[in-house]
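This is what each chain is made of:
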Amino acid sequence: MDPAIWAHFLHRRRLGQHREREPASGHPLGYPLPRCSGRELAQADRADALAVRLGLVALGAQPTSLYRESVVTWLFLGIQTALDSVMTLPFSLYGTFVVEQRHGFNKSTLLLFFQDKLQALLLMAVISAPILPGLIFIVRAGGRFFFFYVWAFLCLVSVLLLTIYPTLIAPIFNKFTPLENGEVKSAIEALASRVGFPLTQLYLVDGSRRSAHSNAYFYGFFKVRKPSLAAYGPCE
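Now for a quick tour of the structure. (Residues numbered from 1 in each chain as written. Predicted model: local features only at pLDDT ≥ 70, side-chain atom pairs only at ≥ 80, totals over all residues. Heavy atoms only, no water.)

Within the protein one finds 6 helices and 4 strands. Element order for the protein, N to C, with α for helix and β for strand: α-α-α-α-α-β-α-β-β-β. The proportion of buried residues among the 236 residues of the protein is 32%. Pairs at least 24 apart in sequence give 67% of the contacts found in the protein among residues at least 6 apart. Approximately 14,700 Å² of the protein is accessible, and the part contributed by carbon and sulfur atoms is 67%. (Helix = DSSP H or I, 4+ residues; strand = E, 2+ residues; numbered from the N terminus. Buried < 20%, exposed > 50% of the residue type's maximum accessible area, 1.4 Å probe, protein only. Contact = heavy atoms within 4.5 Å. Areas by Shrake-Rupley, 256 points an atom, 1.4 Å probe, with all protein chains shown as cover.)

Next up on the list: the side chain of Asn106. Inspection of the secondary structure assignment puts Asn106 in the loop between α3 (66-102) and α4 (110-141). Among the polar contacts made by the side chain of Asn106, one reaches the side chain of Gln101 at a distance of 2.7 Å. In contact with Asn106, not counting residues within four places along its chain, are Thr96, Phe97, Glu100, Gln101 and Arg210. (Polar contact = N/O pair within 3.5 Å; in protein donor to acceptor, adjacent residues only side chain to side chain.)

What follows concerns the nonpolar core. Core analysis: the biggest nonpolar cluster contains 9 residues, these being Leu77, Ile131, Leu132, Leu135, Ile138, Val139, Phe146, Val150 and Val157. Residue contributions to this core peak at 5 residues, all from α4. Residues Ala47, Val57, Val71 and Leu75 belong to the second largest nonpolar core, which totals 7 residues. (Core = buried A, V, L, I, M, F, W, Y, C linked by side-chain atoms within 4.5 Å.)

This model, assessed by the stated rule, comprises 7 aromatic pairs. Here Phe97 and Phe113 contribute two aromatic rings whose centre-to-centre distance is 5.6 Å and whose plane-to-plane angle is 65 degrees, an arrangement assigned as edge-to-face. A residue pair is termed long-range when its members are at least 10 positions apart, and Phe97 in helix α3 and Phe113 in helix α4 qualify at 16 residues. On the basis of relative accessibility, which here comes to 23%, the residue Phe97 falls in the partly exposed class. Classification of Phe113 by relative accessible area gives buried; the value is 8%. Measuring from centroid to centroid gives 5.7 Å for Phe148 and Tyr149, while their planes differ by 75 degrees, and the two rings are edge-to-face. Through a chain of ring-to-ring contacts, the aromatic side chains of Phe97, Phe113 and Phe114 assemble into a single cluster. (Phe/Tyr/Trp six-rings, centres within 6.5 Å; stacked < 30°, edge-to-face > 60°.)

Right, here's the structure in full:
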């Protein structure tokens, strides 16, 4: 979802609570609020009603409390993401099962395709759940320059995700097996030694489950040694 839409949704609720303190400019925070379409505002209202129906927030809860804003924003993002996924699904199916299939690269199945989609959506929901309250708090407390604090917060989140990606996130979608001793491993290690690359681990990834494209990549972050890896594929 566009951050401007989320910001408008958030500030719209704040306006309802603090309207008596609204300045002559019409903007309680001192800067113009982003615009939002009627359809997006309707989705925000549906997310609020859904939160109440699911029992995630009490019926009489303060509309602009941090907890309620976090829950409703999380549901709002979920609705937006679900709609976007449905709209782009035909193109994804066509790209995988028509274009890739035509050129002999596709090895995925419909079951695996939808399994990956579902896992990605669930992962997004889990990761965003603790991040959204922090973003909302920063926007509410950051004043005119909240965008700078949001940027700094998201940079820290990005560093954390980069750190945990190879050990916690990537294995959800692929199986990583240590590459056995042999000609391929020796050649990769020799190349890494020749160019001074700090290679610490080599894994074989089951990339051939989805595609016949050959692929290799390396991953590492600062002095975190375990995530430093090179992946070689495809494999059967």
